[in-house]
Amino acid sequence: YGDASQKIDYVFKVVLIGDSAVGKSQILARFARNEFSLDSKATIGVEFQTRTLVIEHKSVKAQIWDTAGQERYRAVTSAYYRGAVGAMLVYDITKRQTFDHIPRWLEELRSHADKNIVIILIGNKTDLENQRAVPTEDAKEFAQKEGLFFLETSALESTNVENAFLTVLTEIFNIVN
Ligand code: GDP
Ligand code: MG
């Protein structure tokens, strides 16, 4: 992992998008600070958080942007997407509707962001397996069809969160190198 004192070779902006309450802010808290909170406070204030890591001996500062409660369709502004080289498209595996809205988010993303943006689809809250409403296969099929990476995560249990960010950041790294 990153030694924050070293020089930065790359800064990669990655945006989190998806319906409200799917766990975007907690995924970010887990990645940036290794924290998790069960309070569902709406996201306030902070635009992004950073974490520096090392990929192939280069230091990469990941600048991860979180929506400040603008999850309504079309409320996320183009400034949010500007300069983004990666995107995490998040739904909640226990809420079918949040998965059904993914094509809209993808359309939003594709109309605002750079066409070469690296996108990962994330099904969050795998710790609630007994409440699952979205079969893994459905999401996998959709991701394959749309050319997206795909992982299921639990911000609560810290499952695959690191892996999800590393997947996106490593792919971006490989594109720019
Ligand atoms: P956001 O609106 O997409 O930013 O969602 P939040 O990160 O605020 O999370 C919404 C609610 O879901 C909060 O109560 C979180 O504690 C909870 N949550 C987030 N991630 C998980 C997870 O992986 N598992 C469970 N069980 N709850 C989660
Ligand atoms: Mg939030």
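Residue positions are given per chain, counted from 1 along the sequence in the order it is written. Think of it this way: whatever chain is written first is A, whatever ligand is written first is 1, and the rest follow in order. Given that this is a predicted model, residues contribute local features only at a pLDDT of at least 70 and side-chain atom pairs are listed and counted only at 80 or more, while totals for whole chains, interfaces and linings are drawn from all residues.

1. So, the overall build of the protein chain
For the record, the criterion: Numbering of helices and strands runs from the N terminus; a helix is a DSSP stretch of H or I covering at least four residues, while a strand is a stretch of E covering at least two. With C-beta atoms placed from the backbone, a residue counts as buried when 20 or more other C-beta atoms lie within 10 Å of its own, as exposed when 12 or fewer do, and as partly exposed for counts between those limits.
A count of helices and strands for the protein chain gives six helices and six strands. Across the protein chain, helices and strands are ordered from the amino to the carboxyl terminus as β-α-β-β-α-β-α-α-β-α-β-α. Buried residues in the protein chain amount to 37% of all 177 residues.

2. Considering the environment of Lys-145
With respect to the helices and strands, the residue Lys-145 is situated in helix α5 (residues 136-146). For the pair Lys-145 and Asp-92, spaced 53 residues apart in the sequence, the C-alpha separation amounts to 20 Å.

3. Digging into the nonpolar core
Convention followed: Any nonpolar core is a set of buried residues, restricted to Ala, Val, Leu, Ile, Met, Phe, Trp, Tyr and Cys, that join up through C-beta atoms within 7 Å. Here the contact rule is simple: place C-beta atoms from the backbone, and any two residues whose C-beta atoms are within 7 Å are in contact.
The biggest cluster of nonpolar side chains holds 45 residues, and the ones touching the most others in it are Met-88, Leu-89 and Ile-120. Of the residues forming this core, the biggest block, six residues, is contributed by helix α6 (residues 161-176). Not counting residues up to four positions away in its chain, the partners in contact with Leu-89 are Ile-17, Gly-18, Ile-102, Trp-105, Leu-106, Ile-119, Ile-120, Leu-121 and Ile-122.

4. Section: the pairing of strand β4 (residues 86-92)
For clarity, the cut-off: Any two strands with at least two DSSP-identified bridges between them are counted as paired.
Of all seven residues in β4, seven are buried; the element is thus mostly enclosed. Burial along β4 is two-sided: Gly-86, Met-88, Val-90 and Asp-92 facing one way and Ala-87, Leu-89 and Tyr-91 facing the other are all buried. Relative to β4, strand β1 (residues 10-17) runs parallel, the two sharing four bridges. By the bridge assignment for β4, Val-14 is matched with Gly-86. Relative to strand β5 (residues 118-124), β4 runs parallel, the two being bridged by seven bridges. What sits directly across from Leu-89, in β5, is Leu-121.

5. Thoughts on the sheet that holds β4
The test is simple: Here the axes come from fitting lines to C-alpha atoms, over the contacting stretch only for helices, and the angles between their N-to-C directions go from 0 to 180 degrees.
Sheet architecture is open: six strands sit in the order β2-β3-β1-β4-β5-β6, paired in mixed fashion. At either margin of the open sheet sits one strand with a lone partner, and together these are β2 (48-55) and β6 (149-153). Sheet twist, expressed as the average angle between the axes of neighbouring strands with direction ignored, equals 25°. Against the sheet, helix α4 (residues 102-112) makes contact with β1, β4 and β5, and its axis sits at roughly 165° relative to β4, the strand it touches most. In the packing of α6 onto the sheet, contacts are made with β1, β2, β3 (58-65), β4, β5 and β6, and the angle to β5 comes to roughly 175°.

6. Quick notes on the confidence of the model for the protein chain
To keep it simple, the criterion reads: By definition, pLDDT measures how confident the predictor is in each residue, and it falls between 0 and 100.
Per-chain confidence: the protein chain averages 91 in pLDDT, with 90% of residues scoring 70 or above. This prediction of the complex comes with two scores: 0.93 for pTM and 0.99 for ipTM.

7. Some details on the pairing of β3
Pairing of β1 with β3 involves six bridges; the strand directions are parallel. Across the sheet, residue Val-14 finds its bridge partner in β3, namely Ile-64. With eight bridges joining them, β2 and β3 adopt antiparallel strand pairing. Opposite Arg-51, over in β3, you have Ala-62 as the bridge partner. Following β2, the chain reverses through two residues before pairing antiparallel with β3; Glu-56 in that reversal takes a positive phi of roughly 45°.

8. Regarding the packing of helix α1 (residues 24-33) against α6
Note the threshold: Oblique is the label for every angle not falling under 35 degrees (roughly parallel), over 145 degrees (roughly antiparallel), or within 65 to 115 degrees (roughly perpendicular). When residues are sorted by character, Ala, Val, Leu, Ile, Met, Phe, Trp, Tyr, Cys and Pro go into the nonpolar class, Asp, Glu, Lys and Arg into the charged class, and all the rest, Gly among them, into the polar class.
Direction vectors running N to C along α1 and α6 enclose 85°, while the axes themselves pass 9 Å from each other. Taken together, the axes of α1 and α6 lie roughly perpendicular to each other. Each of Ile-27, Arg-30 and Phe-31 in α1 lies in contact with α6, whose residues at this interface are Val-161, Glu-162 and Phe-165. Of the residues contributing to the contact of α1 with α6, the split by class is four nonpolar, no polar and two charged.

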